[in-house]
Amino acid sequence: FMAFAWSPDGSKLLGHRLDFNATEPAIQFYDLTTERLEPVADLGYRAVWLSDSRRCIFTYREKLFLADTTTKRIREIFSIAPYRFQSVSISKDDRTISFSRQKSESDIWMAVRE
């Protein structure tokens, strides 16, 4: 388990599973009260807590999801296809999500000597 976000109430750590046999990371949280590791989603990256310390948002490829850690409900919020998320954050009042996207492009130049 690799933790990367404290819940606003300080009772949980959000992160993802480090399973070298798995093909994709999974979002999980560690509850400091129960001392248990709990699953959130089977796939995902870059999870961030919302201010209620119950819900989080996370990315998977080109999609952004909202997860409720109590009910285990997950729903897609939006997609930036064909691009992928590079980073994601949310304002303290949960009203604004900011993100950066990953885009690869290149130019090929050829010099010709005459």
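Look up: the structure comes first, before these words.
Since this is a predicted model, take the numbers as computed values, not measurements.

Asker: Describe the side chain of D68, with residues and values.
Answerer: Summarising the element assignment, D68 is placed in strand β7 (residues 63-68). Of the polar contacts made by the side chain of D68, one reaches the side chain of R54; its length is 2.9 Å. Within the local environment of D68, its side chain forms a polar contact with the backbone nitrogen of T70, the two atoms lying 2.8 Å apart. If sequence neighbours within four positions are ignored, D68 has contacts with R54, R55 and R73.

Asker: Describe the sheet that holds strand β2 (residues 12-16), with residues and values.
Answerer: Taken in spatial order, the four strands line up as β1-β2-β3-β4 in an open sheet, and their pairing is antiparallel. Since the sheet does not close on itself, it has two edges, and those belong to β1 (2-6) and β4 (36-41), each with one partner. On average, each strand axis in the sheet is tilted by 35° relative to the strand beside it, whichever way the strands run. Bridge count for β1 against β2 is four bridges, and the pairing is antiparallel. Considered in β2, the bridge of A3 is made with G15.

Asker: Can you lay out the pairing of strand β10 (residues 97-102) for me, pointing to particular residues and giving the numbers?
Answerer: Where strand β9 (residues 84-90) lies against β10, six bridges are found, and the strand directions are antiparallel. Its bridge partner being in β10, V88 is matched across the sheet by F99. Where β9 hands over to β10, the hairpin turn is made up of six residues, of which D94 adopts a positive phi near 65°.

Rules of the game
Residues numbered from 1 in each chain as written. Predicted model: local features only at pLDDT ≥ 70, side-chain atom pairs only at ≥ 80, totals over all residues. Heavy atoms only, no water. Helix = DSSP H or I, 4+ residues; strand = E, 2+ residues; numbered from the N terminus. Polar contact = N/O pair within 3.5 Å; in protein donor to acceptor, adjacent residues only side chain to side chain. Contact = heavy atoms within 4.5 Å. Pairing = 2+ DSSP bridges. Axes fitted to C-alpha atoms, helices over the stretch in contact; angles between N-to-C directions.

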